[in-house]
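Spelled out, the chains give:
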Amino acid sequence: MDVVRFYSNIIKRNMDKPEKINKLINFGLATAYYYVSIFKDKRGPNSLHYLTKYCIKSIKDSLENPQNSAWVNIFSPCEFLIALDIKPLFIEAYSSFMSGFFIEDYLIDTAESRGISNTLCSYHKTFIGANELKILKKPEFMLTTSSICDANVPTFRYLSKKQNVPLYIIDVPYKYSKEAVAYVKNQLLEMVEKLEEVFKRKLDLDKLREVVKIENKTRTLINKYLNYLKEKTLLIPMTFEMYMLFASHIFIGSKEILKFYEMLLDDIKNAPPRSGKSIFFLHLLPIFEKNFQDYFNFSNEFHITGSDLNFDYLEEIDEKDPFRGIAAKLILNTFNGEMERKVTRIRELIEKIKPDGIIQFCHLGCKQSIGGTFIIKELATKMGIPFLYLDGDCVDKRNNQMGQNRTRLEAFLEML
Amino acid sequence: MVGYVCKYTPVEIIEAFGEKPVRIESGCKSYERAEALLHTNTCSFVKGVLENIIENNIEEVILTSCCDSIKRLYDVLKDRVKFIYILDLPRKKDTFAVDVFYKEIIKFIDAYKAFKKKGFTVENFLKILEDKSSFKKTQKSSESIAILGARLKDDVVEKIKNSCSVNIINFTCTGEDRIFNIESEDNLLKGYAASLLNLTPCMRMAEDRSKFFYKDFKGIIYNTIKFCDYYSYEYAEMKSQLNIPFLKIETDYTDSNSGQILTRIDAFFEATDIKKMEQKKAKKGYFAGIDSGSTSTNVVIIDENKNIISYSIIPTGPKALESAFKAFEIALNNAGIKEKDITSIVATGYGRVSIPFAEKMVTEITCHGKGAFFIDNRVRTVIDIGGQDSKVIRLDESGNVIDFVMNDKCSAGTGRFLEVMSRTLGISIHEMAKVHAEVKENITITSMCTVFAESEVISLIAQNKDQKDIIHALNKSVASKAVSLVDRIGRKGKYMMTGGVAKNQGVVTAIESKLGEKLVIPAEPQIIGALGAALIAFEGTNG
Ligand code: SF4
Ligand code: SF4
Ligand code: SF4
């Protein structure tokens, strides 16, 4: 896409003028937003169109209103932010967009030149780089959890010190127990106090309950959606599965996301029966990898039937005691704790969806996911499903061995 | 024997069971078995632990939920050893956190009891705790060097201790005295859990560590581990805020790079005056410096007026000592003098430790700084790109080394990189060095890694790209590595480039254009280290 390259070159040339970059990025997002609003991609379902718009808008909103926004990571409990009407910006999404604008290399090099480890996950490095270059306006608050991803606590601590912005770290224990729930619940209460103080507003408990209610309703829809995946096919691009992370994590509990899943359910009900080969992805999808784009985007032959990260929690949250309920949800996430938990969930999903193959794209720097690769491979072998893992990077395009990956991907697809 | 890795492990409880806790060190030669079970890109420490557990047949292991890598290690080990337990270690230390950890310790005790079919007595446990507490030592921090960062192997810590006279405090996962202040007996285990959580926090904990470490140590050695990301943040932060001597090292738990690490540590001590060399009066006669590098061995002889009277450069053979003898002999012959005419010899370079006839050993960092400043005292930054490694050295107005960085292990951006590429292109390294200026197409090599860059070059050849343009791209790639090293300590001219690669005009031009400034290139860039050594031999001091 030459327009994007052109735009990325302008940004790169102005890296020493943070104000200007900030405007350029906001402009880019605004353009993208109007573009997707006007030109609907006819190949995809309605829900795709709706979600794309929603995601771009949410990033745009939080960047434009730093005084009412908080930086979070994808596993943060954003129900509280929704109830308090605070706009979350999740750093993984921001980095993905910067990669979409083709400027991730510059941002990553900047972070590394400051001393940040070059083996750190590029979602984090990109964001840190943007922060170092001051192209991000500082938010009012930062929120992260210790669970699932090692990078979160140190990255957020680093950012909050650099920006002098208050941070709340929620420490999520590895194991579930009565004490663990009490520990997290107490932290959530403390965090809300901090939020109230910083944003000068009070949390309305009924509003929080309402958010949790919507979240529970949404999860019912997600479970229903799962039941259709075995027999129906939606033609989608890889980005859809990644946009879904906005829906399954950060913004779940909002009315807009409830509406999205209603639309999605409609779409899948009306979709044609499954044909071609279906691939289930683990963790992340390399949306910027050309080889994958060629094979999977809107493809009838090889289609994506989901990624386990979008189904890492499928249960209800206790509406009566939302603090307790959310604490339990954080601990019981299938990506938290022993790998066994995740393996069990993957097994459930595979039995339900019956995909023809599983692909894990081992995102460089993601210790939690690559560390479990061989365990999942074992599971796939036991279940008799072809499994492929490929190394690469979902953000930093320089780390992808295109030629090598293509051969391996093609050989795998031929195998199916 | 119970293997463990983390300082938060309740080792006293294991001891109270009458068992022997052993901290797994994880040094190993290869990761062959570990990489069959864990992805290659997992942290080298964890792979090493796994390798050790398999090799030494360790049957009982206790881990903590320290990091993603350790958690996956647990998953992999789960059905492979007789007893394994992963302790859920909170990151905070409020009363709720203590509750979590206390319950966890109880569960662990139950699990271990069930496995061993024996228990422990409280008296026993108390005695062990008391014994440890009595070893309480206090040391004034302003007189100490602190080791911070990721865990550091015991032998490296030992070597650091031996190379200087000041007190060394190890704050990494492998250090720290265990001191317990446990109050009432009925709450013994809870108190124990709380005091474990109260150890000096590691980077994994939620607490801000700056209050512990921004006090005035005499210097800080900061360790990071390849593929472990926790500590680079703190390093980045400290680097820009501390104004005491500060050295970063990166270790990887294989044995292969400890030589390089020790060079850095020695250079650090030399630069900060922590390792004092006795001052001697300059004597009459001739003085020699021998630089025994991994690719070439160079010797410089100066007279009592600091005139260079001869030098030699020969490739380092398989035996460093033989090459040193040979190079020394050639230099003596060139100068027309005999060995007995030499008053003093200083050795530097990787091979410096194996030159018995040298009076003194000084690291190549100090020597390079010395030599460069001697040639041109306007120089503030020395960029030395050698065969196997590259370094950037910062000098102050008096020519003292005040900071330096070295490339980490891999050969990207070194002479070796250019050598590999010249072979790929099918031309000699000398021919390659001649190519510069005439560029038709501005190609960029994106891969940082030599191996990947090579496949990029192969595909450029396949696309029929002009050889000169490919060479230009390679020069740019070396230049950008060098400049990023410069950026790690901040830009400051004048710059001098030394080492064999300085003879490659293409690389020189590429670095100049990135820095926006001309480089000083000495007439013979390969002998600067040896020259510095000779000067130190002359002065009898490295200061
Ligand atoms: S990809 Fe892995 S390392 Fe990166 S942010 Fe996600 S969980 Fe963390
Ligand atoms: S980093 Fe902390 S938790 Fe991890 S092993 Fe070291 S001391 Fe233990
Ligand atoms: S070195 Fe780092 S990544 Fe490796 S086990 Fe220790 S804390 Fe984890």
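Not measured: the values here are computed from a predicted model. (Residues numbered from 1 in each chain as written. Chains lettered and ligands numbered in written order. Predicted model: local features only at pLDDT ≥ 70, side-chain atom pairs only at ≥ 80, totals over all residues. Heavy atoms only, no water.)

**A closer look at the overall build of chain A**
Heads up, the rule is: Helix and strand assignments come from DSSP, with helices taken as H or I runs of at least 4 residues and strands as E runs of at least 2, each series counted from the N terminus. As defined in this context, the radius of gyration uses C-alpha atoms, and a globule is described by 2.2 Å times the residue total to the power 0.38. Buried residues are those whose accessible area, probed at 1.4 Å on protein chains only, stays under 20% of the maximum for their type, while exposed residues exceed 50% and partly exposed ones sit between those limits. Residue contacts are counted whenever heavy atoms from the two residues lie within 4.5 Å of one another. Here the open area of atoms and residues is found with the Shrake-Rupley method and a 1.4 Å probe, where only the protein chains shown may cover a residue. Only four residue types enter the tally: Lys and Arg on the positive side, Asp and Glu on the negative side, with His and both chain ends excluded. For this purpose, a charge sits on NZ of Lys, CZ of Arg, CG of Asp or CD of Glu.
Counting its secondary structure elements, chain A contains 18 helices and eight strands. Computed over the C-alpha atoms, the radius of gyration of chain A is 20 Å, within 12% of the 22 Å expected from 2.2 N^0.38 for a compact globule of 416 residues. The proportion of buried residues among the 416 residues of chain A is 64%. Long-range pairs, those at least 24 residues apart, make up 78% of the contacts in chain A between residues at least 6 apart in sequence. Total accessible area on chain A stands at roughly 15,400 Å², and carbon and sulfur atoms take up 53% of it. If the 58 positive side-chain charges of chain A are averaged to one point and the 53 negative ones to another, these points end up 2 Å apart.

**Some details on the side chain of Ser122(A)**
Residue and element names in this part refer to chain A. The condition that has to hold: Polar contacts, as counted here, are pairs of nitrogen or oxygen atoms within 3.5 Å of one another; within protein the pair requires one atom able to donate a hydrogen and one able to accept it, and residues that are adjacent in sequence qualify only if both atoms are side-chain atoms.
Within the secondary structure, Ser122 sits in helix 7 (residues 122–132). A polar contact of 2.5 Å, which involves the side chain of Ser122, links it to the side chain of Asp393. If we skip the residues at most four places from it in the chain, Ser122 touches Ile108, His363, Asp393, Val395 and Asp396.

**Some details on the nonpolar core**
Generally speaking, nonpolar side chains in soluble globular proteins are found buried as a group. Applicable threshold: Here, nonpolar core means buried Ala, Val, Leu, Ile, Met, Phe, Trp, Tyr and Cys residues that are tied together by side-chain atoms lying within 4.5 Å of each other.
Among the nonpolar cores identified, the biggest contains 227 residues, and Ile25(A), Tyr94(A), Leu188(A), Phe296(A) and Phe108(B) are the most heavily contacted of them. Beyond its immediate stretch of four places on either side in the chain, Tyr94(A) contacts Ile25(A), Ile59(A), Leu63(A), Leu89(A), Phe127(A), Ala130(A), Ile135(A) and Leu136(A). Judged by nonpolar contacts, the second largest core, of 37 residues, contains Ile385(B), Leu425(B), Leu460(B) and Met497(B).

**With respect to the site of ligand 2**
Defined as follows: Being near a molecule or strand, for a residue, means having at least one of its heavy atoms within 4 Å of it. As a working rule, the residues Ala, Val, Leu, Ile, Met, Phe, Trp, Tyr, Cys and Pro are called nonpolar, Asp, Glu, Lys and Arg charged, and the rest polar, with Gly in that last group.
Around ligand 2, the neighbouring residues are Cys6(B), Lys7(B), Tyr8(B), Cys66(B), Leu89(B), Arg151(B), Cys173(B), Cys202(B), Arg204(B) and Tyr231(B). Of the residues assigned to the shell around ligand 2, the class counts are seven nonpolar, no polar and three charged.

**A closer look at the pattern of salt bridges**
Residue and element names in this part refer to chain B. Applicable threshold: One side-chain nitrogen of Lys or Arg within 4 Å of one carboxyl oxygen of Asp or Glu is enough to make a salt bridge.
Enumeration over the complete set of coordinates arrives at 56 salt bridges over all chains. Put simply, Glu524 and Lys503 hold a salt bridge, and the shortest N to O gap is 3.3 Å. Separated by 21 residues along the polypeptide, Glu524 in the loop between strand 18 (519–520) and helix 19 (528–539) and Lys503 in the loop between strand 17 (495–498) and helix 18 (505–515) bring together distant segments of the chain. Under the relative-accessibility criterion, Glu524 is labelled buried at 15%.

**Concerning the sheet that holds strand 14 (residues 381–385) of chain B**
Residues and elements named next belong to chain B. The cut-off we apply is this: Paired strands, as defined in this entry, are two strands with at least two bridges between them according to DSSP. Interaxial angle, 0 to 180 degrees, is taken between N-to-C directions of lines fitted to C-alpha atoms, where a helix line uses only the stretch in contact.
Across the sheet, which stays open at both edges, the five strands sit in the order 16-15-14-17-18 with mixed pairing between neighbours. Each edge of the open sheet is held by one strand with a lone partner, namely strand 16 (401–406) and strand 18. Its contacts with the sheet place helix 13 (residues 364–375) against strand 14, strand 15 (390–395), strand 16 and strand 17, and it is angled at close to 60 degrees to strand 15. Contacting strand 14, strand 15, strand 16 and strand 17, helix 17 (residues 467–489) runs over the sheet at an angle of about 35 degrees to strand 15.

**Quick look at the site of ligand 1**
As a structural note, the neighbourhood of ligand 1 is formed by Cys121(A), Tyr123(A), His124(A), Cys149(A), His283(A), Leu284(A), His363(A), Cys366(A) and Gln368(A). Grouping the amino acids of the shell around ligand 1 by side-chain chemistry returns five nonpolar, four polar and no charged.

**Considerations on a nonpolar patch on the surface**
What counts, and what does not: Like charges are joined within 9 Å and nonpolar side chains (Val, Leu, Ile, Met, Phe, Trp, Tyr) within 5 Å, but only among residues with over 30% relative accessible area and no salt bridge; these make up the patches.
Taken together, the side chains of Tyr34(A), Tyr35(A), Ile38(A) and Phe39(A) make up a nonpolar region of the molecular surface, amounting to roughly 500 Å² of accessible area. Counting through the fold element by element, Tyr34(A) comes out in helix 2 (residues 18–38).

**Here we look at the packing of helix 7 of chain A against helix 8 (residues 152–163) of chain A**
Residues and elements named next belong to chain A. What counts is decided by this rule: Each angle receives one of four descriptions, namely roughly parallel if under 35 degrees, roughly antiparallel if over 145, roughly perpendicular if within 65 to 115, and oblique otherwise.
Between helix 7 and helix 8, whose axes approach to 11 Å, the crossing angle comes to 5 degrees. Regarding the angle of helix 7 to helix 8, the classification is roughly parallel. Packed against helix 7, whose contacting residues are His124, Phe127, Ile128, Asn131 and Glu132, the element helix 8 presents Asn152, Thr155, Tyr158, Leu159, Lys162 and Gln163 at the interface. Looking at the contact of helix 7 with helix 8 residue by residue, the classes come out as four nonpolar, five polar and two charged.

**Structural notes on the sheet that holds strand 8 (residues 387–392) of chain A**
Residue and element names in this part refer to chain A. Strand order in the open sheet made by the four strands is 6-5-7-8, with parallel pairing throughout. If you trace the sheet from one side to the other, it starts and ends with strand 6 (302–307) and strand 8, each paired once. Across the sheet, the mean angle from the axis of one strand to that of its neighbour is 30 degrees, orientation sign disregarded. As judged from the six bridges shared by strand 7 (residues 357–363) and strand 8, these two strands associate in the parallel manner.

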